[in-house]
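# Inside the fold
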Amino acid sequence: CALPICSKSFSLEERLGANWLNKIGVAILVIGLAFFLAYKFQTWGPAGKVLCGFAVSSALLAGGVWLERKDTYRIFARGGIGGGWVLAFFTTFASYHLPAARVLDSLIVDLVLMLLVATGMVAHSLRYRSQTVTGLAFLLGFATLLTSDLESGDGTVVFSLAASAVLALGLVVVTTLRHWTWLELAGLIAVYLN
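Notes on the structure follow. (Residues numbered from 1 in each chain as written. Predicted model: local features only at pLDDT ≥ 70, side-chain atom pairs only at ≥ 80, totals over all residues. Heavy atoms only, no water.)

### Considerations on the pattern of salt bridges
Definition in use: The salt bridge criterion pairs a side-chain nitrogen of Lys or Arg with a carboxyl oxygen of Asp or Glu, the two atoms within 4 Å. Here a helix means four or more residues in a row that DSSP labels H or I, a strand means two or more in a row labelled E, and each is numbered from the N terminus. Burial classification: accessible surface area is computed with a 1.4 Å probe over protein chains only, and a residue below 20% of its type maximum counts as buried, one above 50% as exposed, and the rest as partly exposed.
The full count for this structure, using the stated rule, is one salt bridge. Here Arg 127 makes a salt bridge to Glu 68, at a shortest N to O gap of 3.8 Å. Taken as a pair, Arg 127 in the loop between helix H4 (107-126) and helix H5 (131-146) and Glu 68 in the loop between helix H2 (46-67) and helix H3 (74-97) lie far apart in primary sequence, 59 residues in all. On the basis of relative accessible area, Arg 127 is assigned to the exposed category, the value being 53%.

Here it is as structure tokens:
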């Protein structure tokens, strides 16, 4: 069809099929795996659930990085990369916070591990020069600090404040270098809430 409306509808179909359905599919996969790791695999112990979570997240990340080299699969690959990072973050979170997958006894160790995963996500997301992707990675970093128990009295408050300062400094550097004003505003709100 030579009409302009036909090209717009094809563009919309292409965008829905290649972009949005891919993201929805990866989100469903990650949520489903998180649900099964947390509740359904009753025969597996906590260590087996955590190992399974990290194995699937590593497979998604490795597959996404490998497929990203081919232009045809770039959008699909980035969905896999995002899903891999989110599942790695959730698995790290679950290793202390979910009783069915609890393998860590220290909240501080879990927070350090979650911040390492969030740092890896931010560093990897900067490669794509996307304010949205990098913003989501920083959001998970700040969400990590919100999960800490401020009443525990075991040094968690000092750790949370120090980690918040490091994340805020990283956010300032990234937003200054990239000139991302929306991310800067969202970061100010996140730092204030923390």
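### Focus: the environment of Val 30
This is how the line gets drawn: Should any heavy atoms of two residues lie within 4.5 Å, those residues are counted as being in contact.
With respect to the helices, strands and loops of the structure, Val 30 is situated in helix H1 (residues 4-40). Along the chain, Val 30 and Ser 57 lie 27 residues apart, while their C-alpha atoms are 8.9 Å from each other. Apart from residues lying up to four places away in sequence, Val 30 is in contact with Gly 83, Val 86 and Leu 87.

### Some remarks on H2
Note the following rule: Residue count minus one, scaled by 1.5 Å, sets the expected span of a helix. The arc under discussion is defined with respect to the helix axis, by the directions toward the C-beta atoms.
Counted at 1.5 Å a residue, the expected span for H2 with its 22 residues is 32 Å, and the 31 Å between its end C-alpha atoms agrees. If you check which residues of H2 are buried, you get Lys 49, Val 50, Cys 52, Gly 53, Ser 57, Leu 60, Leu 61, Gly 64 and Leu 67. Burial along H2 is one-sided: seen end-on, the buried residues are contained in an arc of 160°.

### A look at the layout of surface pockets
Using the following cut-off: Think of a 1 Å grid over the protein atoms and nothing else: a 1.4 Å probe that fits but is trapped marks a cavity, an open set flanked by protein within 12 Å on at least five of seven lines marks a pocket, and residues with an atom within 4 Å of a point count as lining. Grid points are joined across faces, edges and corners, and a volume is the space filled by probe spheres set on the points. Residues are grouped as follows: Ala, Val, Leu, Ile, Met, Phe, Trp, Tyr, Cys and Pro are nonpolar; Asp, Glu, Lys and Arg are charged; all remaining types, including Gly, are polar.
What the second largest pocket holds in volume is close to 180 Å³. Lining the second largest pocket are Leu 115, Thr 119, Val 122, Phe 138, Ala 163, Val 166, Leu 167, Gly 170 and Val 174. Split by residue class, the lining of the second largest pocket holds seven nonpolar, two polar and no charged.

### A word on the nonpolar core
So the rule is basically this: Remark: nonpolar core denotes a set of buried residues (Ala, Val, Leu, Ile, Met, Phe, Trp, Tyr, Cys) joined through side-chain atoms within 4.5 Å.
With 26 residues, the main nonpolar core has Trp 85, Phe 89, Met 121, Phe 138 and Phe 142 as its most contacted residues. Elements supplying a minimum of two residues to this core: H3, H4, H5, helix H6 (156-178) and helix H7 (181-193). Examining the composition of this core, we find that eight residues originate from one element, H4, more than from any other.

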